[in-house]
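Descriptive structure summary
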Amino acid sequence: MEAMTEHARIEALVQDRVRNILATRSKVLPLLRETFTPNDPVHGLMHLPAIVKVVVDTLTFQRMRQIKQLGICALVYPGATHNRFFHSIGTCFLAYELTKVLRVRQPELCISDRDVLCVSLAGLCHDLGHPCFSHMFEGFVHSLGKEKREQANTRAAAEGRDEPTEEEKKTIATYESWTHEQASVFLLKGLFKELEGPFREAGLRVDDDGDDFTCIGRQLDGELIDPPKTELEALLAERQLKEKWSSIIKGRLVEKAWMYEIVSNWRSGIDVDKFDYFRRDALHLGIQRQFDHGRYIKGIKVVDDEGGVPTISPPDKDKDNLRENMMELRKHLHRTAYQHKTVKKLEIHMIDILKRMDEALRVTGLTGCKLRMSEAAVTFDLVAYPKLTDTFVESRLLDREDDTITQAADLYEQHILRRQMMRLVADWDLPRFRDGGDRPFPLPESEEVIAGLLAEYPSAASSCYPDRPVRAVVASELRSQVAKIHYGMGSQDPITRVVFHSTKSEGSRGFQVDYDAKPLRQKIFVFWNPPVEELQDTVTLQRLTYAFYKWAQGKVSGPVIAVPASPSKLRACRRPQASPSPSPSPTLAPAPAPAELVPEASMAAPTETPAKRARRTLKINASCPVYPDP
């Protein structure tokens, strides 16, 4: 009898819980139910609200299928053909999961369905504005802005003016400051109009708790997609962030400030966007290294910083894990793939091709007007700009149906398809600090590098192969790019911007200095882009490389050594022949102080005695380095 009573009690309890669950589920809006379940090679089976599928099934979102995540990098790493489409869904999934974890762990945060939805949609739409070839297109637009500035300055000087007109300045600024985040916000505004009904049905609205549409990205600066970092950092430094939060942020009150650190973290750059692309890019690049973002998501909580502003806080025991497995992974991906020397070459060639296309090709925009590709971008034309995808550009270059872009198609075939690329003159990892100090080593402008190299070229040419004729080299044949490889915040260590909490007490703390951090490395790439028939002119290439050595020697104290960019090319680079002149040749003997040119020990011929490497040796990689005889 007692057993039957206990059984009945348990059955009643189960039925009561089932009724409660069903009652709770019945309160969930249909568009918030997790009925969208795509399977992802990175995150596995993802459960997302139905409203996500509504957004995914729009033309604006589907265009991202035609935009490769890593752009031109796929030509160097053939497996890296993944696209912005699935990265955006993956970012949405991580934002959704992170917010749900906080909602369960800290009920006191009063996280609403609207909060979860805003963060998830921001993650989903953060890359809507990427154009063809992803970030490379931004470089194309910025280079046009630089050309327009030079042209405006030339006109001003010819007309006796000190500076360009206000109208010219405004035009130049639109090109030089253009970003894909701005384009994302403009396209999102179109989505808000197209999907106004479903969004409101899902619960988005404007009331005393906040403006959901502004929070995601209705204004020029989408708050969650692209927070106003400069203004927020200034208030944080002045310790006025809590008091003046509402003067900058309109989407949420300061009590929900932690929401602005999920999709695009303005404090430290540790956000779900990076969690997804670090894992996704490494997978498709074939790089066997990853960051365990699941551990991070399961360990965080929201705490107040010293100014009383809520911030996302990982446990203090994860500090080293964040630095070694996330920050260093970012640097590794940049050094190995994103800023690979061949990727740099192809990007420069592709930007030249886009410029040729921009002069001739026109895209139909609003009201039927014909726009250049660059004009469609800077004006954010809602008809013309979405057409700018990888497929759009590549199909026109390949089909050759438009006679106006024949020149661009020829260059595409020559440089991109047939791989007749410019040659690497030098690839220099700059020292971290100035000699004898702790200030970062100054990164020279590209124009300064080229001017310095050309100034040293006559002397270098007379020293290398003096019995050979000297080929004149003009500045237009040289390309220089400077690169910064860092943790995401330049020379600043993001770890020092994070508030960590203790898992054993209620306290929290930050780290003013992380002595294990190496946040910034700077590089200079110099390429030579002669006519195709002269690409195998290794004599001129070695002379240019030695000219770069001599310029670099004036920037540092300590030896500079020659390292081939690819060991397989070592045999193709012959040593310079000795000069019949009785005077010593700089290529055959150590260069004068302050620095000397010595061979890399590991690359010396087997029968030679390698030179002893100096303590502060600086390596310069080159396609055809100059090797002095021992």
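Residues numbered from 1 in each chain as written. Predicted model: local features only at pLDDT ≥ 70, side-chain atom pairs only at ≥ 80, totals over all residues. Heavy atoms only, no water.

**Thoughts on the overall build of the protein**
Per the secondary structure count, the protein includes 21 helices and 16 strands. Residues classed as buried in the protein amount to 52% of the 630 residues present. Residue pairs in contact within the protein that sit at least 24 positions apart in sequence constitute 75% of those at least 6 positions apart. For the protein, the accessible surface area stands at approximately 29200 Å², while carbon and sulfur atoms represent 52% of it. (Helix = DSSP H or I, 4+ residues; strand = E, 2+ residues; numbered from the N terminus. Buried < 20%, exposed > 50% of the residue type's maximum accessible area, 1.4 Å probe, protein only. Contact = heavy atoms within 4.5 Å. Areas by Shrake-Rupley, 256 points an atom, 1.4 Å probe, with all protein chains shown as cover.)

**A short note on the nonpolar core**
With 127 residues, the main nonpolar core has Leu124, Leu285, Met350, Met357 and Val393 as its most contacted residues. Ranked by residues supplied to this core, first place goes to helix H4 (residues 84-105) with nine residues. Within the second largest apolar cluster, 31 residues are counted, among which are Phe441, Ala460, Cys464 and Val473. (Core = buried A, V, L, I, M, F, W, Y, C linked by side-chain atoms within 4.5 Å.)

**Things to note about the packing of aromatic side chains**
Taken as a whole, this structure holds 17 aromatic pairs when the rule is applied. On the numbers, 5.1 Å between centres and 70° between planes, the contact of Phe275 with Tyr296 is edge-to-face. Taken together, the positions of Phe275 in helix H13 (residues 272-285) and Tyr296 in helix H14 (residues 293-299) put the pair 21 residues apart, joining distant regions of the chain. Phe275 gets classed as buried once you look at its relative accessible area, which sits at 1%. (Phe/Tyr/Trp six-rings, centres within 6.5 Å; stacked < 30°, edge-to-face > 60°.)

**So, the pairing of strand S13 (residues 520-528)**
Taking burial as the measure, the nine residues of S13 include eight buried ones, the bulk of the element. Alignment of strand S9 (residues 423-429) against S13, held across six bridges, turns out to be antiparallel. In the strand pairing of S13, Ala426 is matched with Val526. The sheet contact formed by strand S10 (residues 478-486) and S13 spans nine bridges and is antiparallel. Following the sheet pairing, Arg479 is matched in S13 by Phe527. (Pairing = 2+ DSSP bridges.)

**Side note on the packing of helix H18 (residues 390-399) against helix H19 (residues 406-417)**
In a packed pair of helices, the relevant descriptors are the angle between the two axes and the axis-to-axis distance. Where H18 contacts H19, the two axes come as close as 8 Å, and the packing angle between them is 100°. As judged from the angle between their axes, H18 and H19 are roughly perpendicular. Residues Glu394, Leu397 and Leu398 of H18 touch H19, and the partners they reach there are Ala408, Ala409, Tyr412 and Leu417. Of the residues in the contact of H18 with H19, the class split is six nonpolar, no polar and one charged. (Axes fitted to C-alpha atoms, helices over the stretch in contact; angles between N-to-C directions. Parallel < 35°, antiparallel > 145°, perpendicular 65-115°, else oblique. Nonpolar A, V, L, I, M, F, W, Y, C, P; charged D, E, K, R; others polar.)

**Structural notes on the pairing of strand S5 (residues 301-304)**
With four bridges joining them, S5 and strand S6 (residues 310-313) adopt antiparallel strand pairing. Looking across to S6, one finds that Val303 is bridged to Thr311. Here S5 folds back onto S6 in antiparallel fashion, the turn holding five residues, of which Gly308 has a positive phi close to 85°.

**What about the packing of helix H20 (residues 446-463) against helix H21 (residues 538-553)?**
Running from N to C, H20 and H21 point in directions that differ by 115°, and their axes come no closer than 7 Å. Considering how the two elements wind past one another, H20 and H21 form a crossing that is right-handed. For the pair H20 and H21, the contacting residues are Glu448, Val449, Gly452, Leu453, Glu456, Tyr457, Ser459, Ala460, Ala461 and Ser463 in the first and Thr540, Arg543, Leu544, Tyr546, Ala547, Phe548, Lys550 and Trp551 in the second. Split by residue class, the contact of H20 with H21 holds 10 nonpolar, four polar and four charged. (Left-handed = near helix turned anticlockwise from the far one by under 90°.)

**Remarks on the side chain of Arg63**
Relative to the assigned elements, Arg63 resides in the loop between helix H3 (59-62) and H4. Here Arg63 occupies a buried position and makes no salt bridge, while the nearest side chain of opposite charge, Asp390, is found at 8.0 Å. Here Leu128 takes part through its backbone oxygen, which lies 2.9 Å from a polar atom of the side chain of Arg63. At 2.9 Å, the side chain of Arg63 and the backbone oxygen of Pro386 are in polar contact. Setting aside anything within four residues of it in sequence, one finds Arg63 in contact with Leu128, Gly129, His130, Pro131, Leu187, Tyr385, Pro386, Leu388 and Thr389. (Lys, Arg positive; Asp, Glu negative; His and termini not counted. Salt bridge = Lys/Arg side-chain N within 4 Å of Asp/Glu carboxyl O. Polar contact = N/O pair within 3.5 Å; in protein donor to acceptor, adjacent residues only side chain to side chain.)

**Observations regarding a nonpolar patch on the surface**
On the surface, a cluster of nonpolar side chains totalling about 230 Å² of accessible area is made up of Leu366, Leu382 and Val383. Structurally, Leu382 can be placed in the loop between helix H17 (373-378) and H18. Leu382 sits in the partly exposed class, given a relative accessible area of 43%. (Patch = residues over 30% accessible without salt bridge, like charges linked within 9 Å, V, L, I, M, F, W, Y side chains within 5 Å.)

**Description of the environment of Pro442**
Tracing the chain through its elements places Pro442 in the loop between S9 and H20. The exposure class assigned to Pro442 is partly exposed, which follows from its relative accessible area of 37%. Expressed as a C-alpha distance, the spacing of Pro442 and Arg432, which sit 10 residues apart in the sequence, is 9.1 Å. In this view, Pro442 contacts Leu430 and Arg434; residues no more than four positions away in its chain are not counted.

**A short note on empty space enclosed by the protein**
Tallied over the full model, the rule gives one cavity of 30 Å³ or more. Computed from the structure, the largest cavity encloses a volume of approximately 60 Å³. If you trace the largest cavity, you find it lined by Glu261, Asn265, Arg267, Ser268, Ile270, Tyr296, Thr311, Ile312, Pro314, Arg497, Val498 and Val499. In the lining of the largest cavity, the residues fall into six nonpolar, three polar and three charged. (1 Å grid on protein atoms, 1.4 Å probe; cavity = no way out; pocket = protein on both sides within 12 Å on 5 of 7 lines; lining within 4 Å. Points joined across faces, edges and corners; volume = space filled by probe spheres on them.)

**Observations regarding unusual backbone geometry**
Despite not being glycine, Ser134 shows a phi value in the positive range, around 55°. Looking at the secondary structure, you find Ser134 in the loop between helix H5 (113-125) and helix H6 (135-158). For Arg400, which is not glycine, the phi torsion reads 55° and is therefore positive. Looking at the element boundaries, Arg400 is found in the loop between H18 and H19.

**Some points on the environment of Leu98**
With respect to the secondary-structure elements, Leu98 resides in helix H4. Look at Leu98 and you get buried, because its relative accessible area is 2%. Remark: the alpha-carbon pair of Leu98 and Val116, spanning 18 residues in sequence, is separated by 9.2 Å. For Leu98, the residues in contact, after removing those within four places along its chain, are Ile262, Val272, Ile297, Ile300 and Ile312.

**Some words on the pattern of salt bridges**
What the rule picks out here adds up to 41 salt bridges. Measuring nitrogen to oxygen at the nearest pair gives 2.8 Å for the salt bridge that ties Arg114 to Asp212. Here Arg114 is found in helix H5, whereas its partner Asp212 is found in helix H10 (residues 212-216), with 98 residues between them in sequence. Assessed through its relative accessible area of 7%, Arg114 is described here as buried. When its relative accessible area of 0% is taken as the criterion, Asp212 is described as buried. Arg252 serves as the salt-bridge partner of Asp115, at 2.9 Å between the closest nitrogen and oxygen. Here Asp115 is found in helix H5, whereas its partner Arg252 is found in the loop between helix H12 (241-248) and H13, with 137 residues between them in sequence. Across this residue pair, the class does not change: Asp115 and Arg252 are buried.

Geometry only, nothing functional implied.
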